[in-house]
Amino acid sequence: MLVRYLGHSAFHVRGESVSFLIDPFLTGNPKAVGKIDDFDDVDYIFVTHGHGDHIGDTQEIARRSGATVVCNYEISVYLSRSGTRCHAMHIGGSFEFPFGKVKMTPALHGSDIDSPDGMIPGGAAGGFVIEVDGRRLYHSGDTGLTLDMGLLKEEEIEVAMLPIGGNFTMDVEDAAKAANLIRPNHVIPMHYDTFEVIEASPEEFAAAVSGTVDVVIMASGESVEFPLVEVLDQ
């Protein structure tokens, strides 16, 4: 499972039989690495919620690549109007895709979509547990800390992506508590330093969970292979 960090909360993941994006916010992202046309071969795009810094370039990448967008029902209705192929899910739901099982998890956050017609309802914000090559990846989306995260310990998560920037999501302290509840093999901090209001220290986060969870701090453009952690060239 090869994970590449694209900045903010955006990731590109490759397995033996699948290539997908999570929250592809590239255009307008000062920390972004990569361009829309770099991802013409992705099979799926996972969208955690409707905010612009997460839904991002989903429509254009899906149009160019033919990727299926996995998202909540309300976002699927919105995207389908422009011809985007979607697979709608909702909180607590799971589905067996050709590459593995996907479960949509709760997130404490908003999800309204800033559309050309103004703000429209975007359903409930969520996260995903995604099975890749028999191992599970958890992308929390934007969320606050919740004790429900303790249930994810049973999922035996290989790698978790958790926000640490505060203000809109968990801060360093709460993200450390989340990591200790989930107990993944590895955790990647995300959703920090993109904008001034969410500046945070990933090193401080790593120190807060030291001895319990391995923290992988990734610069935009870096790739890491799991389960063996190997930082590859940008």
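Here the structure is a predicted model, which is why all the values come from computation and not from measurement. (Residues numbered from 1 in each chain as written. Predicted model: local features only at pLDDT ≥ 70, side-chain atom pairs only at ≥ 80, totals over all residues. Heavy atoms only, no water.)

Draft legend 1. Examining the pairing of strand β1 (residues 2–7) more closely. For β1 and strand β2 (residues 10–14), the ladder comprises five bridges, and the chain directions are antiparallel. Paired with R4 across the two strands is H12, which belongs to β2. The turn linking β1 back onto β2 is made up of two residues, and H8 within it adopts a positive phi angle of 60°. In terms of strand pairing, β1 meets strand β16 (residues 223–225) through three bridges, oriented antiparallel. Looking at the pairing, V3 lines up with V224 of β16. (Pairing = 2+ DSSP bridges. Helix = DSSP H or I, 4+ residues; strand = E, 2+ residues; numbered from the N terminus.)

Draft legend 2. Looking closely at the UniProt feature "domain: Metallo-beta-lactamase" (unreviewed entry) in the protein. Summarizing the sequence annotation, UniProt attributes the feature "domain: Metallo-beta-lactamase" (unreviewed entry) to residues 7–191 in the numbering used throughout. What you have in residues 7–191 is 17% helix and 33% strand, and the ends, taken at the C-alpha atoms, are 8 Å apart. (UniProt positions renumbered as here; feature names shortened; annotations may be inferred.)

Draft legend 3. Layout of the environment of D171. Locating D171 in the fold gives a position in the loop between β13 (159–163) and α4 (172–182). A relative accessible area of 34% places D171 in the partly exposed class. Along the chain, D171 and F205 lie 34 residues apart, while their C-alpha atoms are 9.0 Å from each other. Not counting the four nearest positions on each side in its chain, D171 is found in contact with P163, I164 and G166. (Buried < 20%, exposed > 50% of the residue type's maximum accessible area, 1.4 Å probe, protein only. Contact = heavy atoms within 4.5 Å.)

Draft legend 4. Representation of the layout of surface pockets. Its boundaries defined by the atoms lining it, the largest pocket holds a volume of some 230 Å³. When residues in the lining of the largest pocket are grouped by element, the largest group, four residues, is from strand β8 (residues 100–106). When grouped by side-chain class, the residues that make up the lining of the largest pocket number six nonpolar, three polar and four charged. (1 Å grid on protein atoms, 1.4 Å probe; cavity = no way out; pocket = protein on both sides within 12 Å on 5 of 7 lines; lining within 4 Å. Points joined across faces, edges and corners; volume = space filled by probe spheres on them. Nonpolar A, V, L, I, M, F, W, Y, C, P; charged D, E, K, R; others polar.)

Draft legend 5. Local environment of the pairing of β2. A large share of β2 lies buried, amounting to four of its five residues. Linkage of β2 to strand β3 (residues 19–22), two consecutive antiparallel strands, is achieved through a turn of four residues.

Draft legend 6. Local environment of the side chain of T48. Within the secondary structure, T48 sits in the loop between β4 (44–46) and α1 (52–55). At 2.7 Å, the side chain of T48 and the side chain of D23 are in polar contact. A distance of 2.9 Å separates polar atoms of two side chains, one belonging to T48 and the other to H49. Not counting chain neighbours up to four residues away, the residues in contact with T48 comprise D23, H54, M104, A124, A125, G126, G127, F128, H139 and G141. (Polar contact = N/O pair within 3.5 Å; in protein donor to acceptor, adjacent residues only side chain to side chain.)

Draft legend 7. Structural view of α4. The set of residues buried in α4 consists of V172, A175, A176, A178, A179 and I182. All buried residues of α4 project into a common sector of 160° when viewed along the axis, lining one side. Buried residues along α4 sit in contact with β12 (135–139), β13 and α5 (202–208). Positioned one or two residues after α4, R183 has a phi angle of 55°, which is positive. (Arc of directions from axis to C-beta.)

Draft legend 8. Structural detail: the environment of F46. Secondary-structure assignment places F46 in strand β4. Here F46 falls in the buried class, since its relative accessible area comes to 0%. Distance from F46 to F128, taken between C-alpha atoms, is 8.1 Å for residues 82 residues apart in sequence. In this structure, F46 is in contact with F20, L21, I22, D23, P24, V70, F99, V102, F128 and I130, ignoring residues within four places of it in sequence.

Draft legend 9. Region of interest: the sheet that holds β13. Sheet architecture is open: seven strands sit in the order β7-β8-β11-β12-β13-β14-β15, paired in mixed fashion. The sheet is open, and its two borders are formed by β7 (94–97) and β15 (214–215), each paired with just one other strand. Pairing between β7 and β8: four bridges, direction antiparallel. Counterpart to F97 in the pairing with β8 is G100. Of the strands in this sheet, β12 and β13 touch α4, which is tilted by about 155° from β13. (Axes fitted to C-alpha atoms, helices over the stretch in contact; angles between N-to-C directions.)

Draft legend 10. Local environment of a nonpolar patch on the surface. Together, F168, F195 and V197 make up a nonpolar patch on the protein surface, roughly 280 Å² of accessible area in all. Looking at the element boundaries, F195 is found in the loop between β14 (186–190) and α5. (Patch = residues over 30% accessible without salt bridge, like charges linked within 9 Å, V, L, I, M, F, W, Y side chains within 5 Å. Areas by Shrake-Rupley, 256 points an atom, 1.4 Å probe, with all protein chains shown as cover. Salt bridge = Lys/Arg side-chain N within 4 Å of Asp/Glu carboxyl O.)

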